[in-house]
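Here's the letter readout for the chains.
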Amino acid sequence: MSLSYFRCDWAHESAEEPVSIFYEVDDEGRVLRLIDVFRDGSRERDAVANYVGREHELPGVDSLSEDDFHDSVEALLDDEDVIEGEDRLSLTPVEASVFEAAWRLDA
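Residues numbered from 1 in each chain as written. Predicted model: local features only at pLDDT ≥ 70, side-chain atom pairs only at ≥ 80, totals over all residues. Heavy atoms only, no water.

You'll find the protein entered in an unreviewed UniProt entry as DUF6881 domain-containing protein, with Caulobacter radicis given as the organism.

Here it is, written out as structure tokens:
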């Protein structure tokens, strides 16, 4: 199984929503781990592995995303920013080391 890593930057005004989201995605489009980074620098991490015995609580089948990640972000993967009202989203592939540093909270 090969893994890919992405950083989604989300420009918006809400303090309750993350400004960056890091994703670990397998070749089937399942999100295995994710990190929400908030404006104040705080982070929330989640992993499919946290749901052992509670798989029914996952949004998707063996995934933290309800839909196939690649299908969900198709426009962003085509290097297009998505603008919805005042919000702007962009997606950038990152190295595994960048994801792991964010996961360890030292990035």
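1. Things to note about the UniProt feature "domain: DUF6881" (unreviewed entry) in the protein
With numbering matched to this structure, UniProt assigns "domain: DUF6881" (unreviewed entry) to residues 5–45. Between the end C-alpha atoms of residues 5–45 the distance is 15 Å, and the span holds 0% helix and 59% strand. (UniProt positions renumbered as here; feature names shortened; annotations may be inferred. Helix = DSSP H or I, 4+ residues; strand = E, 2+ residues; numbered from the N terminus.)

2. Overview of unusual backbone geometry
A positive phi angle is found at D62, which is not glycine, with a value near 55 degrees. Here D62 is to be found in the loop between strand 4 (43–47) and helix 1 (69–72). Residue D62 is classed as partly exposed on the basis of its relative accessible area, which comes to 39%. (Buried < 20%, exposed > 50% of the residue type's maximum accessible area, 1.4 Å probe, protein only.)

3. A short note on the pattern of salt bridges
Inspection of every chain in the model, using the stated rule, returns 5 salt bridges. Across the pair R54 and E57 runs a salt bridge, and its minimum N-O distance is 2.6 Å. For R54, a relative accessible area of 32% corresponds to the partly exposed category. (Salt bridge = Lys/Arg side-chain N within 4 Å of Asp/Glu carboxyl O.)

4. What about the side chain of S20?
With respect to the secondary-structure elements, S20 resides in strand 2 (residues 20–26). Within the structure, the side chain of S20 is placed 3.1 Å from the side chain of R7, a separation counted as a polar contact. Residue contacts for S20: discarding those within four places in its chain leaves R7, C8, D9, I35, D36 and V37. (Polar contact = N/O pair within 3.5 Å; in protein donor to acceptor, adjacent residues only side chain to side chain. Contact = heavy atoms within 4.5 Å.)

5. Concerning the pairing of strand 1 (residues 3–11)
Pairing analysis gives 7 bridges linking strand 1 to strand 2, with the strands arranged antiparallel. When the bridges of strand 2 are listed, D9 appears paired with S20. As paired strands, strand 1 and strand 6 (residues 87–94) are joined by 7 bridges and run antiparallel to one another. Looking at strand 6, one finds that D9 is bridged to S90. (Pairing = 2+ DSSP bridges.)

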